[in-house]
Amino acid sequence: MKLFEILQNTPEDSQLITDSIVITHAKLKRYDKILCSISGGSDSDILIDLCQKFDESSKITYAFFDTGLEFQATKEHLQYLEQKYDVHIEHVKAIKSIPFCCKTYGQPFLSKQVSEWIERLQRHHFQWEDETFDELYKKYPKCKAALRWWCNDFKKSSDGKESSFNIAYNQYLKEFMIKNPPDFKISNKCCHYAKKMSANKFKTNGRFDLNIYGVRKAEGGARRTAYKTCFSSSEDKCDEYRPIFWYLKETKKIYEKYYNIEHSRCYSEYGLKRTGCAGCPYGKNFEEELIAMRQYEPKLFKAVNVVFYDSYEYTRAYRKFVNEQKKISGR
Ligand code: SF4
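Note that the structure is predicted; figures quoted are calculated from it, not measured.

So, on to the sheet that holds strand β2 (residues 60-66). An order of β3-β2-β1-β4-β6-β5 is seen for the 6 strands of this open sheet, with the pairing classed as mixed. A strand with exactly one partner marks an edge of an open sheet, and here the two such strands are β3 (89-93) and β5 (231-232). Pairing of β2 with β3 involves 5 bridges; the strand directions are parallel. Across the sheet, the residue bridging to phenylalanine 65 is valine 92, located in β3. Against the sheet, helix α2 (residues 15-30) touches β1 (34-37), β2, β4 (210-212), β5 and β6 (239-241), its axis set at about 155° to β6. Along the sheet, helix α3 (residues 42-51) makes contact with β1, β2 and β4, crossing β1 at roughly 150°.

Next up, the structure:
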């Protein structure tokens, strides 16, 4: 379909949607080797619909990066998308799957950044001592950055907010860890190998000149806030375009209704608010996710409880500790 035909039929109440259609059209015209990452989540449902409006979508290679721990509903939904748009979605297996990474390097705990610092401290056989930075730096001279995190060595912001580089950013985490040193390996390596490296490897050797993916600024999080706009040119010659970067929750709703977008059963049946790596311990709502998983995907439920067992237990103990401390301090 031509751009003007598409623009004759757009929702009247969303300039953001019209803008994304116009810019996506321009990008598809300009680039020839385009990769579009499809996760099977609600954002990527809009992404593929947006791209498939144009004849130039034939230039796109759609890829799904399989982390080794995926909902069956997501896999079924990918098949649905393939049929709906008459496209092929390439399934790219992780260089190292999440279960393998967790077994080999350690399990993710709390957040990517926290897992990174703990991993470094564990590598240096840190004993979770409550001592000053100078004392600890003498004992562990090769672990400066992680020790600065542990000792809250970074200044608060001018408005008194705790630095995210300090352990105090996570309330009572230090107190908890001193009392309950982790007896299992913690690591964020699964993000690195199962997600980042797998995508990077797929993109190498100039195979693509544009990578399209479904990040939205309004979602927040470290990865989102790292981007300032919907487009960035990259040194490795593969530019990046985020068509729904400016979409708000309401924009998504308007799009979904207007263009009849159907999401996977993870949303419509399981009641999940978002999908991603199944049961990732970083998720604030991983307990709710586990309840849904137990009911609808019992095999996956079993698997994630093996893969993330220690992290779940440690997170539960930490959350309980925080609640107790809050009661004690009356805050
Ligand atoms: S999002 Fe969670 S489960 Fe997925 S790769 Fe990263 S840490 Fe691992």
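Here we take up the domain arrangement of the chain. As a measure of interface size, the accessible area lost when the parts come together is often cited. The domain architecture assigned to the chain consists of domain 1 (3-99 + 194-263) and domain 2 (110-181). Domain 1 and domain 2 are separated by 37 Å when their C-alpha centres are compared.

This part is about the pairing of β1. Of the two faces of β1, the one holding Ile34 and Cys36 and the one holding Leu35 and Ser37 are both buried throughout. With 4 bridges connecting them, β1 and β2 associate as parallel partners. What sits directly across from serine 37, in β2, is alanine 63. Regarding the hand of the β-α-β motif, the stretch spanning β1, α3 and β2 is right-handed. One ladder, built from 3 bridges, connects β1 with β4; its direction is parallel.

Close contacts around the ligand come from Ile98, Pro108, Cys190, Cys191, Lys195, Cys277, Cys280, Tyr282 and Phe308, and that covers them all. Broken down by class, the residue content of the shell around the ligand amounts to 8 nonpolar, no polar and 1 charged.

Let us look at unusual backbone geometry. If you check the backbone angles, aspartate 86 has positive phi at about 55° while not being a glycine. Inspection of the secondary structure puts aspartate 86 in the loop between α4 (72-85) and β3. On the basis of relative accessible area, aspartate 86 is assigned to the exposed category, the value being 71%. For histidine 125, which is not glycine, the phi dihedral falls at a positive 55°. Tracing the backbone shows histidine 125 in the loop between α6 (112-123) and α7 (133-139).

It is at 11 Å that the axes of α3 and helix α12 (residues 249-258) come closest, and there the two elements cross at 55°. Judged on the interaxial angle alone, α12 and α3 are oblique. Here α3 and α12 pass one another in a crossing that is left-handed. When α3 is examined against α12, the residues Ser42, Asp43, Ile46, Asp49 and Leu50 are found in contact with a partner set consisting of Lys252, Tyr255 and Glu256. Here the residues of the contact of α3 with α12 sort into 3 nonpolar, 1 polar and 4 charged.

The final tally for this structure, using the stated rule, is 24 aromatic pairs. Ring centres of phenylalanine 126 and tyrosine 140 lie 5.1 Å apart, and the angle between their planes is 65°; this geometry places the pair in the edge-to-face category. You can see phenylalanine 126 sitting in the loop between α6 and α7 and its partner tyrosine 140 sitting in the loop between α7 and α8 (144-150), a full 14 residues away along the chain. Each member of the pair, phenylalanine 126 as well as tyrosine 140, is classed as buried. One aromatic cluster is present, formed by Phe109, Phe176, Phe184, Tyr314, Tyr318 and Phe321 through successive ring pairs. Stacked on the ring of phenylalanine 202, the Lys or Arg arginine 207 has its end atom at 4.4 Å from the ring centre.

For the rest of this paragraph, the subject is helix α15 (residues 298-307). Buried within α15 are the following residues: Leu300, Phe301, Val304 and Val307. Here the buried residues of α15 occupy an arc of 135° about the axis, which is enough to place them on one side. Exposed and facing more than 90 degrees away from the buried side of α15 are Lys299, Lys302 and Val306. Buried positions along α15 lie against α5 (98-104), α14 (286-296) and α16 (309-329).

For aspartate 239, the position within the fold is in strand β6. Within the buried core, aspartate 239 has no salt-bridge partner, and the shortest N-O distance to an opposite charge, that of arginine 30, equals 5.0 Å. Side chain to side chain, aspartate 239 and tyrosine 31 meet in a polar contact 2.7 Å long. Leave out the neighbours within four places in its chain, and aspartate 239 touches Tyr31, Asp209, Leu210, Asn211, Phe231, Ser232, Ser233 and Ser234.

Cut-off values and rules
Residues numbered from 1 in each chain as written. Predicted model: local features only at pLDDT ≥ 70, side-chain atom pairs only at ≥ 80, totals over all residues. Heavy atoms only, no water. Pairing = 2+ DSSP bridges. Helix = DSSP H or I, 4+ residues; strand = E, 2+ residues; numbered from the N terminus. Contact = heavy atoms within 4.5 Å. Axes fitted to C-alpha atoms, helices over the stretch in contact; angles between N-to-C directions. Domains from an automatic or database assignment. Buried < 20%, exposed > 50% of the residue type's maximum accessible area, 1.4 Å probe, protein only. Right-handed = clockwise from strand over helix to strand, strands pointing away. Near = heavy atom within 4 Å. Nonpolar A, V, L, I, M, F, W, Y, C, P; charged D, E, K, R; others polar. Parallel < 35°, antiparallel > 145°, perpendicular 65-115°, else oblique. Left-handed = near helix turned anticlockwise from the far one by under 90°. Phe/Tyr/Trp six-rings, centres within 6.5 Å; stacked < 30°, edge-to-face > 60°. Lys NZ or Arg CZ within 6 Å of the ring centre and 35° of its normal. Arc of directions from axis to C-beta. Lys, Arg positive; Asp, Glu negative; His and termini not counted. Salt bridge = Lys/Arg side-chain N within 4 Å of Asp/Glu carboxyl O. Polar contact = N/O pair within 3.5 Å; in protein donor to acceptor, adjacent residues only side chain to side chain.

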